[in-house]
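Chains, contacts and geometry: an overview
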Number of protein chains: 2
Amino acid sequence: MLTVSVENYLKAILHLQVEGGDRVSTTSIAKKVASTPASTSAMLTKLGERGWVEHRPYHGVRLTTKGHRVAMDILRRHRLWEYFLVDRLGFEWDEVHEIAEELEHVDSKELINRLDAFLGFPKLDPHGDPIPGPNGRFRSVAARTLLAEAPRNLELVVVGVVDGGDPFLRHLGVLGVQLGTRLTVMERHAFDGSLHIKFAETEEVQMLAPSVAERLWVDQSNPSPIIVFPETEDA
Amino acid sequence: MLTVSVENYLKAILHLQVEGGDRVSTTSIAKKVASTPASTSAMLTKLGERGWVEHRPYHGVRLTTKGHRVAMDILRRHRLWEYFLVDRLGFEWDEVHEIAEELEHVDSKELINRLDAFLGFPKLDPHGDPIPGPNGRFRSVAARTLLAEAPRNLELVVVGVVDGGDPFLRHLGVLGVQLGTRLTVMERHAFDGSLHIKFAETEEVQMLAPSVAERLWVDQSNPSPIIVFPETEDA
DNA sequence: TGAATTATTTAGTCAAGGCTAAACTTTAGT
DNA sequence: ACTAAAGTTTAGCCTTGACTAAATAATTCA
Ligand SMILES: [Mn+2]
Ligand SMILES: [Mn+2]
Ligand SMILES: [Mn+2]
Ligand SMILES: [Mn+2]
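In this text, all values refer to a predicted model and were calculated from it rather than measured experimentally.

**Quick notes on the overall build of chain A**
Within chain A, the secondary structure is distributed over eight helices and eight strands. For chain A, the spread of C-alpha atoms along the principal axes amounts to about 60 × 40 × 25 Å. Out of the 235 residues belonging to chain A, those deemed buried represent 47%. Placing the 26 positive and 34 negative side-chain charges of chain A at their respective mean positions leaves the two points 6 Å apart.

**A look at the relation of the copies chain B and chain A**
The two copies are related by a screw motion: chain B maps onto chain A through a turn of 180° and a shift of 0.1 Å along the axis, at an RMSD of 0.2 Å. Interpreted geometrically, this transformation is the action of a two-fold axis. When each C-alpha of chain B is compared by its distance to the rotation axis, Leu103(B) comes out closest, at 3.6 Å. Counting the interface residues of chain B, we find that 100% of their copies in chain A are interface residues as well, pointing to one common contact surface.

**Observations concerning the coordination of the manganese ion (ligand 3)**
Residues and elements named next belong to chain B. Those donors, Asn8 (OD1), Glu101 (O), Glu101 (OE), Glu104 (OE) and His105 (NE2), are the protein atoms that reach the manganese ion (ligand 3), and they lie 2.0 to 2.5 Å from it. Donor residues for the manganese ion (ligand 3), ordered by position in the chain, follow N-x92-E-x2-E-H. Separated by 97 residues along the polypeptide, Asn8 in helix H1 (residues 4–19) and His105 in the loop between helix H5 (97–103) and helix H6 (109–118) bring together distant segments of the chain. Using a relative accessible area of 24% as the deciding quantity, one classes Asn8 as partly exposed. Assessed through its relative accessible area of 12%, His105 is described here as buried.

**Concerning the domain arrangement of chain A**
Domain parsing of chain A yields domain 1 (4–63), domain 2 (74–134) and domain 3 (145–220). The straight-line distance from the C-alpha centre of domain 1 of chain A to that of domain 3 of chain A is 39 Å.

**As for unusual backbone geometry**
Of note, the phi angle at Tyr58(A) is positive, near 75°, even though the residue is not glycine. Counting through the fold element by element, Tyr58(A) comes out in the loop between strand S1 (53–55) and strand S2 (61–63). For Tyr58(A), a relative accessible area of 84% gives the class exposed. Positive phi, normally seen in glycine, also occurs at Glu203(B), with a value near 65°. If you trace the backbone, Glu203(B) turns up in the loop between strand S6 (195–199) and strand S7 (205–208). The class for Glu203(B) is exposed, based on a relative accessible area of 51%.

**Things to note about the pattern of salt bridges**
In the structure shown here, the tally under the stated rule is 35 salt bridges over all chains. Note that Arg69(B) and Asp73(B) form a salt bridge whose closest N and O atoms lie 3.4 Å from each other. You can see Arg69(B) and its partner Asp73(B) sitting in helix H4 (residues 65–87), four residues apart, about one turn around the helix. Linked by salt bridges that have partners in common, Glu110(A), Arg114(A), Arg152(A), Glu187(A) and Glu95(B) make up one network.

**A short note on the environment of Glu82(A)**
Residue and element names in this part refer to chain A. With respect to the element layout, Glu82 can be found in helix H4 (residues 65–87). The buried category is assigned to Glu82, whose relative accessible area is 0%. The spacing of Glu82 and Ile99 is 17 residues in sequence and 8.2 Å in space, taken between C-alpha atoms. Within the structure, Glu82 has its side chain in polar contact with the side chain of His97 (distance 3.3 Å).

**As for the pairing of strand S8 (residues 216–220) of chain B**
All names here are of chain B. Extensive coverage of S8 is indicated by the burial of five of its five residues. In terms of strand pairing, strand S3 (residues 145–146) meets S8 through two bridges, oriented antiparallel. Note on S8: the bridge partner recorded for Leu146 is Trp217.

**Things to note about the protein's contact with DNA strand C**
The environment of DNA strand C is formed by 20 residues, the closest being Thr27(A), Ser41(A), Thr3(B), Ser39(B) and Lys46(B). Atoms of DNA strand C within 4 Å of the protein belong to the sugar or the phosphate in 82% of instances, the rest to bases. Within the contact set of DNA strand C, a phosphate oxygen lies 2.8 Å away from a side-chain nitrogen or oxygen of Ser41(A). One of the side-chain N or O atoms of Thr36(B) is found 3.0 Å from a phosphate oxygen in DNA strand C. Elements that contribute at least two residues to the surface near DNA strand C include exactly helix H2 (26–33) and helix H3 (37–49) of chain A together with H1 and helix H3 (37–49) of chain B. Across the surface near DNA strand C, the residue classes tally to seven nonpolar, eleven polar and two charged.

About the criteria used
Residues numbered from 1 in each chain as written. Chains lettered and ligands numbered in written order. Predicted model: local features only at pLDDT ≥ 70, side-chain atom pairs only at ≥ 80, totals over all residues. Heavy atoms only, no water. Helix = DSSP H or I, 4+ residues; strand = E, 2+ residues; numbered from the N terminus. Buried < 20%, exposed > 50% of the residue type's maximum accessible area, 1.4 Å probe, protein only. Lys, Arg positive; Asp, Glu negative; His and termini not counted. Charge placed at Lys NZ, Arg CZ, Asp CG, Glu CD. Least-squares fit on C-alpha atoms with pLDDT ≥ 70 in both. Contact = heavy atoms within 4.5 Å. Donors = N, O, S within 2.8 Å, 3.2 Å for Na, K, Ca; no water. Domains from an automatic or database assignment. Salt bridge = Lys/Arg side-chain N within 4 Å of Asp/Glu carboxyl O. Polar contact = N/O pair within 3.5 Å; in protein donor to acceptor, adjacent residues only side chain to side chain. Pairing = 2+ DSSP bridges. Near = heavy atom within 4 Å. Nonpolar A, V, L, I, M, F, W, Y, C, P; charged D, E, K, R; others polar.

If you want it as structure tokens, here you go:
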């Protein structure tokens, strides 16, 4: 479904869309991915057919909601790998782009979420560019993840709620969950995304409905300090 | 030159060659890479033309020296990534094969050598299979690397010499190098592979000829403990 | 407004890597 | 030794993602 080539085009379109206006031209995309306008035109037709872009012939292209989400995921992978290469493997900031350009295409949600946790949920890549979160949006305030999307086998701490309404907060009380609760995702069930979680305090294992998991922000239980790097212009 | 497909075929041939006899059949390769004998036959012709295998039509194929080296490099990457996924990201031993199957195709010598060092030069992957070293051969005794192939910016310790002859040992004396000397590779010069190294003790920077760097075994200065995992049959 | 310029698409081709069906070797069994 | 079975290659076709050259649309400018 998502080939390396398609992913590179979508990421290029996202970049151009963020920089310039909202419609991006065939030629500019061709330049970005280092191919010809003819090849790009063919690709844009395909991206349009598959619902990743809205393509008005002769008038460029715009990412659909779906396409935007996919492109943000690729950007997330790219920047997390860059962070890893610099922060853990000791590469210089100017040596990592090409390698990340390949690593970004390894497609495994579990891999990238675990890498994210391993790195301490960094907010900025080595070039000072923001790293999208698991929800496909840039991290706003603090490093945090929806419990519904957090990796398994890692001790987490509840740092916030998406829905602060009374009914939900009351329900959390029933479940024994509050801010600061430490827990680990033991199992994620494919059927509906419900979770088996274990509370760190009591060692008790409990089932959690997706409606709850989708409304809880969590963070790694002992986060690493966040390191900020100098800025540059590339991805 | 080396596409993902070619790499997968070469690795499959290496596996079959290690398991069974030295010539491996078209059908067995087809099975291993999950394609058809017809497609495999075409690929084997190509691998033969490019000098990676010796192909006798109707009588199977054998890796050339060159092909064997390439396949061992792929195996090295595969197993190092598996080790990383289990040891650092907390995956289970039975969750990592598919992901490593993709990661192994990210081709950067510097990346894989740094990853190796980061992991403490592990000898066995999470399945108990040996991890080839940077020289394309299985690691014999201890985790060690040729200085000529060691990553930069990492403190190393000299743990052995490849050539134990008197002239070389005397030359080491002149250079101020002996077993236990701790040093860091500052720069590797593309021209002939000579190195700028810095001695940890004296902070002194010195040039080292490739003829020396190729004869010194080094290890990470503070190696992590080596963890041994249960055995299984897959890669 | 009517070229001239620029941007984009279409047409035609190619290489890599798959596939199925058919032909052809090799091997095994009697 | 000859034939049946099994293994391998060849022939013909397909998809993806490139390319160049030519046609067509959009834009700019006199
Ligand atoms: Mn890329
Ligand atoms: Mn970047
Ligand atoms: Mn693979
Ligand atoms: Mn393995």
